[in-house]
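One letter stands for each residue in the lines below.
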Amino acid sequence: MILSEDVFLLQMRFLLLFSRQGKLRLQKWFTALSDRDKKKIIRDITHLVLSRPPKACNFLQWRDLKIVYRRYASLYFCCGLDQEDNELITLELLHRYVELLDQNFGNVCELDIIFNFEKAYFILDEFVICGEVQETSKASVAKSLEEADSLQETMEEYMSKPTY
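Residues numbered from 1 in each chain as written. Predicted model: local features only at pLDDT ≥ 70, side-chain atom pairs only at ≥ 80, totals over all residues. Heavy atoms only, no water.

The name an unreviewed UniProt entry gives the protein is AP complex subunit sigma, with Triplophysa tibetana as the organism. Turning to the protein, the UniProt record has this under Sequence similarities (unreviewed entry): "Belongs to the adaptor complexes small subunit family." Checking UniProt for the protein, the heading Subunit (unreviewed entry) contains the comment "Adaptor protein complex 1 (AP-1) is a heterotetramer composed of two large adaptins (gamma-type subunit AP1G1 and beta-type subunit AP1B1), a medium adaptin (mu-type subunit AP1M1 or AP1M2) and a small adaptin (sigma-type subunit AP1S1 or AP1S2 or AP1S3)." (UniProt positions renumbered as here; feature names shortened; annotations may be inferred.)

Dropping the structure here:
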């Protein structure tokens, strides 16, 4: 059975991570927007998601977008999608991101994101580029993270050696 290529395409507009208190912890924008528009979107989406009951569906309509979110511990992972995009694939993408964060930080928590935000962005960039999933293998992403960590350690050792 041959499936068309566009069945698996997912074009995210943005990814937001925020706490139960509404504090933004991470944001990734895949479309060009002004800072004013971004702040309004963040405020509106945060308010919408936090005001929903815990047993409510993880999908909602907002303006011309579908909002897909999932709560893990004290963090909400939230994506904005086009109308034709698949919500279930997005939930799987969010879960994959959390799995990668867990693998890297060991049961990731809000403080891991706060103090290691550059690592959280790096992990996201390893499997999502321009809002589209580029790598689905956790092993491949983990290998690339391991190589990056190794390179960073090598550079730190090199920079710490005295020069004569």
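Asker: Before we move on, could you go through the nonpolar core and cite the residues and values that matter?
Answerer: The biggest cluster of nonpolar side chains holds 28 residues, and the ones touching the most others in it are M12, L15, F77, Y97, L101, I113 and F127. Counting residues per element, the ones that place at least two in this core are β1 (12–19), β4 (65–72), β5 (75–81), α2 (87–105), α4 (117–127) and α5 (138–160). With 7 residues, α2 is the largest single contributor of residues to this core. Each residue touching L15, except ones within four places of it in the same chain, is listed here: L26, Q27, K28, F30, C78, C79, L94, Y97 and L124. Counting residues in hydrophobic clusters, the runner-up holds 16 residues, among them W29, L65, Y69 and Y76. (Core = buried A, V, L, I, M, F, W, Y, C linked by side-chain atoms within 4.5 Å. Buried < 20%, exposed > 50% of the residue type's maximum accessible area, 1.4 Å probe, protein only. Helix = DSSP H or I, 4+ residues; strand = E, 2+ residues; numbered from the N terminus. Contact = heavy atoms within 4.5 Å.)

Asker: Go over unusual backbone geometry, please, and point to the residues and values.
Answerer: Phi at R63 is positive, roughly 50°, even though this residue is not glycine. Mapped onto the elements, R63 comes out in the loop between β3 (59–62) and β4. Positioned with a positive phi, N107 is a non-glycine residue whose angle comes to about 55°. Residue placement: N107 occurs in the loop between α2 and α3 (110–115).

Asker: Tell me about the pattern of salt bridges, residues and numbers included.
Answerer: Evaluation of the coordinates by the stated rule reveals 9 salt bridges. The shortest N-O distance in the salt bridge between E87 and K66 comes to 3.0 Å. Of this pair, E87 sits in helix α2 while K66 is found in strand β4, placing the two residues 21 residues apart along the sequence. E92 is the partner of R96 in a salt bridge, and the nearest nitrogen-oxygen pair spans 4.0 Å. Taken together, the positions of R96 and E92, both in helix α2 and 4 residues apart, correspond to about one turn of that helix. Assessed through its relative accessible area of 43%, E92 is described here as partly exposed. Sharing partners across several salt bridges, the network here consists of K40, D44 and R63. (Salt bridge = Lys/Arg side-chain N within 4 Å of Asp/Glu carboxyl O.)

Asker: Outline a nonpolar patch on the surface, listing residues and values.
Answerer: A grouping of L111, I114 and F115 is seen on the molecular surface, where their side chains present a nonpolar patch of about 310 Å² in accessible area. With respect to the element layout, I114 can be found in helix α3. (Patch = residues over 30% accessible without salt bridge, like charges linked within 9 Å, V, L, I, M, F, W, Y side chains within 5 Å. Areas by Shrake-Rupley, 256 points an atom, 1.4 Å probe, with all protein chains shown as cover.)

Asker: Break down the environment of C79 for me, with residues and values.
Answerer: In this fold, C79 is placed in strand β5. C79 gets classed as buried once you look at its relative accessible area, which sits at 0%. Between the C-alpha atom of C79 and that of L10, which follows or precedes it by 69 residues, the distance is 11 Å.

Asker: Which residues make up the sheet that holds β1, and what values go with them?
Answerer: With respect to topology, 5 strands assemble into an open sheet ordered β2-β1-β5-β4-β3, the strand pairing being antiparallel. In the strand order of this sheet, the two ends are held by β2 (24–29) and β3, each with one partner. Across this sheet, the average inter-strand angle for adjacent strands is 20°, counted without regard to direction. Contacts from helix α1 (residues 35–50) reach β1, β2, β3, β4 and β5, with the element oriented near 60° to β1. Helix-sheet contacts for α2 involve β1, β2, β3, β4 and β5, and the interaxial angle to β4 is about 35°. (Pairing = 2+ DSSP bridges. Axes fitted to C-alpha atoms, helices over the stretch in contact; angles between N-to-C directions.)

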